[in-house]
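Residue strings, one per chain:
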Amino acid sequence: MKTLSEDFFTHDTVQAAQDLLGKILVHSLPEGTVSGKIVETEAYLSKDDPACHASRGKTKRNEAMFGPAGRAYVYLIYGMYYCFNAVTREEGVGEAVLIRALEPLEGIPWMQQRRGTSDILNLTSGPGKLCQAMGITRHHNGISLTESKLTILDSREDLKIESSPRIGIKTGVDKLLRFYISGNPYVSARHVRNKKAKKGPVSIRKGKKT
DNA sequence: GGTGGGATTAGCT
DNA sequence: GCTAATCCCACCA
């Protein structure tokens, strides 16, 4: 397997969000390597998307989102947790893909220690959880995902993908910009109630294109 | 099974 | 001052 190139993140954010499913997020640490398969993502767009942090222009908080494709955008949410995004599109556009859940692969004992639980299903099944398990913090904000300790590896397998409204936002709720691997047990919040959302899950693709 | 609220901080208005 | 792309625990049924 090889590292995804900057090119992968440049063209289209929704496409990248779907194509990131099944890829492997890897963090190489002194203690050892921690990795997991991406099973859930959300796309955040620059146009007509009030839920996107970049929608009101560049600020100190979101400036990494306006950087070149293939960088990390990490921010603190609710004062306690970090969320990890892969920046997409050309520099200055301000779009990204939020990684919402992983299936743990390597470094599980270390994840259990960081998360304070031995429950495998509870290690990386949410955006805040996976950052804690993977050791991702604000220090990773803006770093390159193609040439650092934090990378995403290519992987190819057949996937059944579904989409649904995004979770935890108050605007733009009806856009189907959340993507996940159908039936995967590590997908977060399968019973989350998004009160405003009118649309349910939609199956959008079976199998894998090359 | 389900719901409701608290934790805790940076940055915007 | 208030909000936020969350998580966890206490409480009720």
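Residues numbered from 1 in each chain as written. Chains lettered and ligands numbered in written order. Predicted model: local features only at pLDDT ≥ 70, side-chain atom pairs only at ≥ 80, totals over all residues. Heavy atoms only, no water.

Visitor: Mind laying out the side chain of Arg-100, listing which residues take part and the relevant values?
Guide: Topologically, Arg-100 is positioned in strand β5 (residues 95-106). Of the residues examined, Arg-100 reaches a relative accessible area of 7% and is grouped as buried. Ignoring anything within four residues of it in the chain, the contact list for Arg-100 reads Glu-40, Thr-41, Glu-42, Thr-124, Ser-125, Gly-126, Pro-127, Leu-130, Ile-167, Arg-178 and Ser-188. (Helix = DSSP H or I, 4+ residues; strand = E, 2+ residues; numbered from the N terminus. Buried < 20%, exposed > 50% of the residue type's maximum accessible area, 1.4 Å probe, protein only. Contact = heavy atoms within 4.5 Å.)

Visitor: Would you mind going over the packing of aromatic side chains in detail, with residue names and values included?
Guide: Per the stated rule, a full pass over the model turns up two aromatic pairs. Seen from their ring centres, Phe-8 and Phe-9 are 5.1 Å apart, and the 75 degrees between their planes marks the pair as edge-to-face. Judged by relative accessible area, Phe-9 falls into the buried class, the value being 1%. Note that Arg-166 overlies the ring of Tyr-44, its terminal NZ or CZ placed 4.6 Å from the centroid. (Phe/Tyr/Trp six-rings, centres within 6.5 Å; stacked < 30°, edge-to-face > 60°. Lys NZ or Arg CZ within 6 Å of the ring centre and 35° of its normal.)

Visitor: For the pattern of salt bridges, give the residues involved together with the corresponding values.
Guide: Opposite charge on two side chains lets them pair, provided their charged atoms get close. Taken as a whole, this structure holds 10 salt bridges when the rule is applied. Among the salt bridges present, the one from Glu-103 reaches Lys-37, with a minimum N-O distance of 3.9 Å. Of this pair, Glu-103 sits in strand β5 while Lys-37 sits in strand β2 (residues 32-44), placing them 66 residues apart in sequence. A relative accessible area of 21% means that Glu-103 is categorised as partly exposed. For Lys-37, a relative accessible area of 14% puts it in the buried group. One salt bridge in this structure joins Glu-95 and Arg-89, with 3.5 Å as the shortest N-O distance. (Salt bridge = Lys/Arg side-chain N within 4 Å of Asp/Glu carboxyl O.)

So, to be careful, I would describe these as geometric facts and stop short of saying anything about function.
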